[in-house]
Amino acid sequence: MALFSWLQNRSQGVRQHIGDTDRIWRNVYSSIEPSEVWAKQNISNLWGGVYNLEFSPDGSILVAACEKKSIVLFSTNTFRETKIIRQAHSDCVNCVKFLDDRMFASCSDDCSVVLWDVRNLKQRVRTLHGHSNWVKNIEYSKKDNLIVTSGFDGSIFTWDINSTTESGLLYKNVFHTTGLMRCRLSPDASKLVICTTGGYMIIIHDLNLETLAEDLKGFRPNLHRLMQLGRQLIPFASRFHHLFLRSQRTNRVELVSDFPEGNDAEVISSLQIHPHGWCALSRNITYDESSEFTCVHDIQDFEEDGDEDDEDEHIDIEKMLDCTIIERRLSILRPDSPLYRRYEARLRAIRQEGATTTRPNNDVTSEDMHPDIWEIQWPLMNRNTHQMNSQQSRLERFRSGIIPEDARNPGQSSAGNSAGGSITAEMRVATVAAAMITGPRNEEDRIVLEDMVVDSGEEFVMPREEHVPVSAKRKRVQQNAKRMLYYIEEPNIGKRFIKELCFSSDGRVICSPYGYGIRLLTFNRDCSELNSCCDGPDAKAQKLTELKVMKCHSDIVVSTKFSPRLPLLVTGCLNGKIVWLQPVL
């Protein structure tokens, strides 16, 4: 009735009151119910679980990515399927994305991306090959005419749709990181947000896809995050400190790691961007899958203090690679190798500048002098024979960069064992991370360096470089800004399945899968827009407001999507049923 009253007052020229718009939208969204036309139909499991839903830009077509290698198209006027593309891929379809009103792309666990034209769905427009593992996400940058895809191979690819060749589209691997889950572009393609299995997100501000690969070449977010957690400077990670400074005009990097108290976020599986590009909506689970949380993080630019100090710090970090560290690196290289000569020249140059072989006393805290409980000795293998030789092999120490709070006393270390006894899985992970610190610059250096053998299961092995302790007075590890705005705990139902959340077209409402149904969430009880609810970047994170909860499926809901034009909501579950929900006024 509030809507009709508002329309009547507007037609009579009555002035609008503050809050009228919020109240109208609250009534509209709170009245959403499943459509009876669709609910009465008995839909069999023809296409398997519905993993992703996508509307065309004009809202006239809905496309569903389904488990049984199928893509299903629906008309939003009749709520009925118009076309089922069976065997669209050779494995389950994970995601679909419209490029314009007639063309869309789909990706699958078969590692491929396929372009389709809604006017002729009997054959593919183009099949794109490049990923080496499941492809989970597709984005489209309209300003660049580039398709952006990401998968479980850890790579983000860009595909130029204007470069059609006989073998497909030209593509480029613009970024790689282990634990990659999803990547999303902001509506204006000025930001790229990435969620990971490491309990943090990556925001790339002032995005330039053309130079992204060059700007972030060699940057390893996991290593930078390890440096933050261990609060010890890692020389290799510190070389990319400039990526976090505001002096970085394009492709500036920021890590987001703040989550609610009691939420030990590990895998951030679902990610969506606000329609106005104001914030990122994510859903995460803990490492033991004991709980799930939905969080909203601010992704807008805001002024930060201390950039000048950070630049000075970056210069000091390079100077901290003193003679002692270089001498230890020289000890594992052959004297006739090019890399040995390069380090020898560097050592000579440092000594000529008056550098000492030890650190100044005022640059090391008492905490830095305590041994690391994670310190482990590993045998270096002979480069030529790759066989252990008890007379020639040496045991080299390196630090993992993680110092537990209760580790403050020296301990005995021996090959294959830590101070506390046998090596745990966590210790091996820390050891691998430390071994990843630096790598050879070219193939010649790779031949010269001794291989380090680490029983870790990782796909790569890198030579080690010493960690440099942090000075309590002058040096500090860059920490992440507080970005979380809202949060709410979710029911831990349907483990191991990714639940796709969504924003309404105006960004006022969040639809979250809630067991066998959905939950509508708002930023406040008045259903106001986000910019009317936030108190500023320093405000404490608030709990999302529950607007409505409803059960509308007979199986776990894993996908949701609002229409871009209407207050129309669509949900999909694991048994293949799709439910249409609309306001009942």
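Residues numbered from 1 in each chain as written. Predicted model: local features only at pLDDT ≥ 70, side-chain atom pairs only at ≥ 80, totals over all residues. Heavy atoms only, no water.

Quick look at the overall build of the protein chain now. Secondary structure summary: the protein chain contains 11 helices and 33 strands in total. Across the 585 residues in the protein chain, those meeting the buried criterion constitute 52%. Restricting to contacts in the protein chain with at least 6 residues of sequence separation, those with at least 24 account for 60%. For the protein chain, the exposed surface amounts to about 27600 Å²; the carbon and sulfur share of it is 46%. (Helix = DSSP H or I, 4+ residues; strand = E, 2+ residues; numbered from the N terminus. Buried < 20%, exposed > 50% of the residue type's maximum accessible area, 1.4 Å probe, protein only. Contact = heavy atoms within 4.5 Å. Areas by Shrake-Rupley, 256 points an atom, 1.4 Å probe, with all protein chains shown as cover.)

Another point: the sheet that holds strand β30 (residues 545-551). With antiparallel pairing, four strands are arranged side by side in an open sheet as β26-β27-β28-β30. The sheet is open, and its two edges are formed by β26 (502-503) and β30, each paired on a single side. Where strand β27 (residues 509-514) lies against strand β28 (residues 517-522), six bridges are found, and the strand directions are antiparallel. Across the sheet, Ile510 pairs through a bridge with Leu521, a residue of β28. Sheet contacts for helix α2 (residues 20-30): β27, β28 and β30; angle to β30, the most-contacted strand, approximately 20°. (Pairing = 2+ DSSP bridges. Axes fitted to C-alpha atoms, helices over the stretch in contact; angles between N-to-C directions.)

With that settled, consider the sheet that holds strand β29 (residues 542-543). Strand order in the open sheet formed by five strands is β18-β19-β20-β25-β29, and the pairing between neighbours is mixed. Taken across any chain shown, the strands that pair with only one partner, and hence form the sheet edges, are β18 (265-273) and β29. Sheet analysis places strand β25 (residues 484-490) next to β29, joined by two bridges and oriented parallel. Counterpart to Tyr487 in the pairing with β29 is Lys543.

What follows deals with the layout of surface pockets. The space that makes up the second largest pocket amounts to roughly 1100 Å³. At the level of secondary structure, the elements contributing two or more residues to the lining of the second largest pocket comprise β2 (50-55), β6 (93-98), β10 (135-141), β14 (180-185), β18, β26 and β31 (557-562). For the lining of the second largest pocket, the per-class residue count stands at 19 nonpolar, 11 polar and 12 charged. (1 Å grid on protein atoms, 1.4 Å probe; cavity = no way out; pocket = protein on both sides within 12 Å on 5 of 7 lines; lining within 4 Å. Points joined across faces, edges and corners; volume = space filled by probe spheres on them. Nonpolar A, V, L, I, M, F, W, Y, C, P; charged D, E, K, R; others polar.)

Looking now at the pattern of salt bridges. A side chain with one charge can pair with a side chain of the opposite charge if their charged atoms come near. Per the counting criterion, the structure on display carries 20 salt bridges. Across the pair Lys561 and Glu54 runs a salt bridge whose closest N-O atoms are separated by 3.7 Å. Separated by 507 residues along the polypeptide, Lys561 in strand β31 and Glu54 in strand β2 bring together distant segments of the chain. With respect to class, Lys561 is no different from Glu54; both count as buried. Here Glu490 ties to Arg283 by a salt bridge, and the two come within 3.9 Å at their closest N and O atoms. Taken as a pair, Glu490 in strand β25 and Arg283 in strand β19 (residues 279-286) lie far apart in primary sequence, 207 residues in all. Here Glu490 matches Arg283 in class, with each residue buried. (Salt bridge = Lys/Arg side-chain N within 4 Å of Asp/Glu carboxyl O.)

Mean pLDDT over the protein chain: 76, with 67% of residues reaching 70 or higher. Contacts of residues 306-321 to residues separated by more than four positions or lying in other chains number 30 contacts, the stretch itself having pLDDT below 50. In the predicted structure, residues 355-475 sits below a pLDDT of 50 and forms 222 contacts with residues beyond four places in sequence or in another chain. (pLDDT = per-residue confidence, 0-100.)

Moving on, we come to the packing of aromatic side chains. Under the counting rule described, the total for this entry stands at 14 aromatic pairs. When the centroid spacing of 5.5 Å and the interplanar angle of 65° are considered together, the rings of Phe236 and Phe240 count as edge-to-face. Take Phe236 and Phe240: they sit in the same class, and that class is buried. An aromatic cluster of at least three residues, connected via ring pairs, comprises Trp47, Phe74, Phe79 and Trp580. In this structure, Lys551 packs its charged tip against the face of Tyr516, placed 5.7 Å from the ring centre. (Phe/Tyr/Trp six-rings, centres within 6.5 Å; stacked < 30°, edge-to-face > 60°. Lys NZ or Arg CZ within 6 Å of the ring centre and 35° of its normal.)

Counting residues in hydrophobic clusters, the biggest one holds 31 residues, and the most contacted among them are Ile156, Leu192 and Ile194. The set of elements that each furnish at least two residues to this core consists of β11 (146-151), β13 (168-176), β14, β15 (192-196), β16 (201-205), α5 (221-230), α6 (235-238) and β17 (252-256). Ignoring anything within four residues of it in the chain, the contact list for Ile156 reads Val148, Thr149, Ser150, Lys172, Asn173, Val174, Phe175, Leu180, Cys183, Leu192 and Ile194. In terms of nonpolar packing, the next biggest core, distinct from the first, is built from 17 residues, Cys195, Ala265, Ile268 and Ile299 among them. (Core = buried A, V, L, I, M, F, W, Y, C linked by side-chain atoms within 4.5 Å.)

Take unusual backbone geometry next. The backbone phi angle of Cys111 is positive, close to 75°, even though this residue is not glycine. One non-glycine residue with positive phi stands out, namely Asn145, at about 55°. Mapped onto the fold, Asn145 is located in the loop between β10 and β11.

Let us now look at the pairing of β6. Across the six residues of β6, five count as buried, placing the element largely inside the fold. Note: β6 against strand β7 (residues 103-108), five bridges, orientation antiparallel. Across the sheet, Val96 pairs through a bridge with Ser106, a residue of β7. A loop of four residues connects β6 with β7, the two strands running antiparallel in sequence.

Extensive coverage of α5 is indicated by the burial of eight of its 10 residues. What α5 keeps buried is the set Pro221, Leu223, His224, Arg225, Leu226, Met227, Gln228 and Gly230. Following α5 by one or two positions, Arg231 has its phi on the positive side, about 55°.

Structurally, Asp153 is set in the loop between β11 and β12 (155-165). It is Arg182 that comes nearest to the buried, bridge-free Asp153 among opposite-charge side chains, at 11 Å. In terms of polar contacts, Asp153 uses its side chain to reach the side chain of His131, at 3.0 Å. (Lys, Arg positive; Asp, Glu negative; His and termini not counted. Polar contact = N/O pair within 3.5 Å; in protein donor to acceptor, adjacent residues only side chain to side chain.)

All right, on to the side chain of Asp109 then. Of note, Asp109 is situated in the loop between β7 and β8 (112-117). A distance of 3.3 Å separates polar atoms of two side chains, one belonging to Asp109 and the other to Lys136. For Asp109, the contacting residues outside a window of four places in its chain are Asp91, Cys92, Asn94, Trp134 and Lys136.

Inspection of the sheet shows strand β1 (residues 32-34) paired to strand β33 (residues 578-583) by three bridges, in the antiparallel sense. Directly across from Pro34, in β33, lies its bridge partner Leu581. Bridge analysis of strand β32 (residues 569-573) against β33 gives four bridges, and the strand direction is antiparallel. Within β33, the residue paired with Gly572 across the bridge is Ile578. Remark: four residues form the turn of the hairpin made by β32 and β33, two consecutive strands paired antiparallel; Gly576 in that turn has positive phi of roughly 95°.

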